[in-house]
Amino acid sequence: MSAPRGQFSSNIGFLMAAAGSAVGLGNIWGFPTKAAQNGGAAFVVVYLLLAFLLAYPALMAELTIGRHARSNMVQALRGISTGPISRLFGNLTGFGGIIVASLILSFYSIVAGWMVAYLAEPFARLLGAGEIANWLTSGSIGRNLLFAAIFSGMTMAIIASGVEKGIERWSTLLMPALIILLLLLIVYVLTQPGAITGLETYLIPDFSHFSWSLVISAMGQAFFSLSLGVGTMLIYGSYLSQQESLPRLGALVTLIDVGIAFTAGLLILPAMYVAQEAGTQIFAASGELIAGPDLILQVLPALFNTMGTAGLFVAIAFFALMTIASVTSSISMLEVPVAFSIENLKLGRKTATLLVGLIIFAISSLIIFNFDSLFVLVISISTEYGQPLLGVALCIFAGWIWRRDEVLKELKKGHENIGSTLFWKIWPWYVRLVCPVLILAAFAQSVGLFSG
Ligand code: TYR
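The rules we used
- Residues numbered from 1 in each chain as written.
- Predicted model: local features only at pLDDT ≥ 70, side-chain atom pairs only at ≥ 80, totals over all residues.
- Heavy atoms only, no water.
- 1 Å grid on protein atoms, 1.4 Å probe; cavity = no way out; pocket = protein on both sides within 12 Å on 5 of 7 lines; lining within 4 Å.
- Points joined across faces, edges and corners; volume = space filled by probe spheres on them.
- Helix = DSSP H or I, 4+ residues; strand = E, 2+ residues; numbered from the N terminus.
- Buried < 20%, exposed > 50% of the residue type's maximum accessible area, 1.4 Å probe, protein only.
- Arc of directions from axis to C-beta.
- Contact = heavy atoms within 4.5 Å.
- Near = heavy atom within 4 Å.
- Polar contact = N/O pair within 3.5 Å; in protein donor to acceptor, adjacent residues only side chain to side chain.
- Areas by Shrake-Rupley, 256 points an atom, 1.4 Å probe, with all protein chains shown as cover.
- Sits in = over half its atoms within 2 Å of the grid points.
- Nonpolar A, V, L, I, M, F, W, Y, C, P; charged D, E, K, R; others polar.
- Axes fitted to C-alpha atoms, helices over the stretch in contact; angles between N-to-C directions.
- Phe/Tyr/Trp six-rings, centres within 6.5 Å; stacked < 30°, edge-to-face > 60°.
- Lys NZ or Arg CZ within 6 Å of the ring centre and 35° of its normal.
- Parallel < 35°, antiparallel > 145°, perpendicular 65-115°, else oblique.
- Left-handed = near helix turned anticlockwise from the far one by under 90°.
- Salt bridge = Lys/Arg side-chain N within 4 Å of Asp/Glu carboxyl O.

Peer 1: In this structure, what is going on with the layout of surface pockets? I would like to understand it.
Peer 2: The method is simple in principle: a probe with the dimensions of a water molecule rolls over the atoms, and the space it marks as empty is what remains. Computed from the structure, the largest pocket encloses a volume of approximately 980 Å³. Every residue lining the largest pocket is counted, 32 residues in all, and those nearest its centre are Lys34, Gln221, Ile379, Thr383 and Glu384. Where the lining of the largest pocket is concerned, the elements lending two or more residues are α2 (25-37), α5 (84-126), α10 (212-225), α16 (371-401) and α18 (422-446). Sorting elements by how many residues they give to the lining of the largest pocket places α16 first, with 9 residues.

Written out as structure tokens, the structure reads:
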């Protein structure tokens, strides 16, 4: 007999896990830098609107399907299919989700590995191991492989321990730590010279930047940040008890995700201008603020170096923050293929974790060895194409294929009067029409269908 299905022990446990999945490198790194490049608060406003008007309804589609089906995405979509065509569509979407989640994890582990290496570096310095410290920040293939392996190992260890003892326990422990570290760092950075210019760049809206590409960039950011499309939120919803109100929990997850992204902006932008004040170049040759790996791996470390001994501790706090944000997200990606392997291939959790984890690590290694050709390509395929398209497919499932009375029945669990709320008056139309049309329009625009 197979083991009973895992479940979160409380709604706080679910909240921490789902918010932990949502809050990741996308919030602390992606969001603030995109905001800085796209007109500061103008981007923030567009992002907030999209997060609540587009991403929240899509998140609700995933959570509702997941809790109803109590299974992974493939199984869940097969279950609500009504005929051979929707079943085929369900299989494509379900397996698509597994593949895209695995691809996201394959590049995420590399980046998160950098965070772990940079977290180890100040310790090496404190211990006087200068050569090791230099190697840790060298960017060599060996360093990348070793730290992607360490990070994958951490992710696998947590997932192997299961839903309650692994995902829930670690998310509940790490999310408060993340918030405390973030706030401490903000307080410290805001007292440094130059910080106020960063705050101005972030918070004073410059609507001259407003454009289609800003909207698309904000939408992609919202989808990535809320972990949508690939079945992460679906599988977390499937571990949720039926006594909870899904619209409320979904709204809380969205609020926490958006709140932490916004708060991270109060750290990253001021820190960049503090670095400039201390003599570091923060603009690329194009005149834009440096945003990619160079920001985290060069600009900020250069800043920490100017801070003397205090800088070592600031560096430790910062890279601990990044590592924590990464690991609570990576476990939610790994759970997608692992849950499928447990439920459909009938593997034990430990075997499934080891097998899937090793396959994904093999993909990470492939990317590391062919970094220049594969890294950006894999990010683009999985997050710019995969996530939005799968997000549309899931909205189509919730809005068109799944029977409306069944959807209502599921939502009523834990929220008896949902039928008379504003949510129920608006949301079904949203997932039916507004979400697919808007996502597809933005997507078409981003791949250039409307241009020239
Ligand atoms: N939301 C995470 C972040 O902001 C990334 C993520 C993407 C997590 C997809 C899970 C997932 O399935 O960094």
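More follows now that the structure is in view.
Peer 1: Help me understand helix α9 (residues 195-203), please; the structure alone is not making it clear to me.
Peer 2: An α-helix turns once per 3.6 residues; consequently, residues spaced three or four apart project the same way. What α9 keeps buried is the set Ala195, Gly198, Leu199 and Tyr202. Within α9, the buried residues cover an arc of 100° as seen down the axis, which keeps them to one side. At its buried positions, α9 is contacted by α2, α3 (41-69), α8 (163-190) and α12 (246-277).

Peer 1: Where do I start with the site of the ligand in this structure?
Peer 2: Near the ligand there are 16 residues, and of these Ala22, Gly26, Tyr108, Phe224 and Thr232 occur at the shortest range. Asn27 is positioned such that a nitrogen or oxygen atom in its side chain is 3.2 Å from an oxygen atom of the ligand. Ser227 is positioned with one of its side-chain polar atoms (N or O) 3.2 Å from a nitrogen atom of the ligand. Within the complex, the protein chains bury 100% of what would otherwise be the 350 Å² of accessible surface of the ligand. A molecule is said to occupy a pocket when more than half its atoms come within 2 Å of that pocket's grid points, and by this definition the ligand occupies the largest cavity. Looking at the shell around the ligand, the elements that each hand over two or more residues are α1 (11-22), α2, α10 and α14 (308-343). Here the residues of the shell around the ligand are counted per class, giving 6 nonpolar, 10 polar and no charged.

Peer 1: Mind showing me how you'd approach the packing of α2 against α14 here?
Peer 2: Helix-helix packing is described using two parameters, namely the angle between the two axes and the distance between the axes. Interhelical geometry of α2 versus α14 gives an angle of 115° and a closest axis separation of 8 Å. Counted together, Leu25, Ile28 and Trp29 of α2 and Leu321, Met322, Ala325 and Ser326 of α14 form the full contact between these two elements.

Peer 1: When you look at the packing of aromatic side chains in this model, what are you seeing that I'm missing?
Peer 2: Aromatic ring pairs are described here by two measures, namely the spacing of the ring centres and the angle between the planes. Considering all chains together, one arrives at 21 aromatic pairs under this definition. Here Tyr56 and Phe423 contribute two aromatic rings whose centre-to-centre distance is 6.3 Å and whose plane-to-plane angle is 65°, an arrangement assigned as edge-to-face. Of this pair, Tyr56 sits in helix α3 while Phe423 sits in helix α18, and the two are 367 residues apart along the sequence. The exposure class assigned to Tyr56 is buried, which follows from its relative accessible area of 13%. Ring pairs connect the aromatic residues Phe8, Phe14, Tyr236 and Tyr239, which therefore count as one cluster. Positioned above the aromatic ring of Trp400, the side-chain terminus of Arg432 is 4.1 Å from the ring centre.

Peer 1: Explain the packing of helix α7 (residues 141-160) against helix α15 (residues 349-369) here, please?
Peer 2: Packing of α7 against α15 leaves a shortest axis separation of 10 Å and a crossing angle of 160°. With respect to α15, the element α7 is oriented roughly antiparallel. Both α7 and α15 take part in a crossing whose hand is right-handed. Across from Ile141, Asn144, Leu145, Ala148, Ala149, Ser152, Met156, Ile159 and Ala160 in α7, the residues of α15 making contact are Arg349, Lys350, Thr353, Leu354, Gly357, Leu358, Phe361, Ser365, Ile368 and Phe369. Residue classes in the contact of α7 with α15 are distributed as 12 nonpolar, 5 polar and 2 charged.

Peer 1: Would you mind going over unusual backbone geometry with me for this structure?
Peer 2: Phi is mostly negative for residues that are not glycine, and the peptide bonds are mostly trans. Residue Arg70 is not a glycine yet carries a positive backbone phi of 50°. Checked against the element boundaries, Arg70 lands in the loop between α3 and α4 (73-80). With relative accessibility at 25%, the residue Arg70 sits in the partly exposed group. Even without being a glycine, Lys346 presents a positive backbone phi close to 60°. Among the structural elements, Lys346 can be located in the loop between α14 and α15.

Peer 1: It is not clear to me how empty space enclosed by the protein should be interpreted in this structure. Could you clarify?
Peer 2: Summed over all chains, the structure comprises 5 cavities of 30 Å³ or more. Space inside the largest cavity adds up to approximately 130 Å³. If you trace the largest cavity, you find 17 residues lining it, with Ser21, Phe224, Ser227, Ser329 and Met333 closest to the centre. Mapped onto the lining of the largest cavity, the elements with two or more residues apiece are α1, α2, α5, α10 and α14.

Peer 1: Got a minute to help me understand the pattern of salt bridges in this structure?
Peer 2: Opposite charge on two side chains permits them to pair, given that their charged atoms come into close proximity. Here the structure, examined in full by the defined rule, presents 6 salt bridges. As a salt-bridge pair, Arg349 and Glu335 come within 2.9 Å of each other at their nearest N and O atoms. Separated by 14 residues along the polypeptide, Arg349 in helix α15 and Glu335 in helix α14 bring together distant segments of the chain. What makes Glu335 buried here is its relative accessible area of 0%. Across the pair Glu410 and Lys413 runs a salt bridge whose closest N-O atoms are separated by 2.9 Å. By relative accessible area, which is 28% here, Lys413 ends up partly exposed. Each member of the salt-bridge network shares a partner with another, and the members are Arg67, Glu410 and Lys413.

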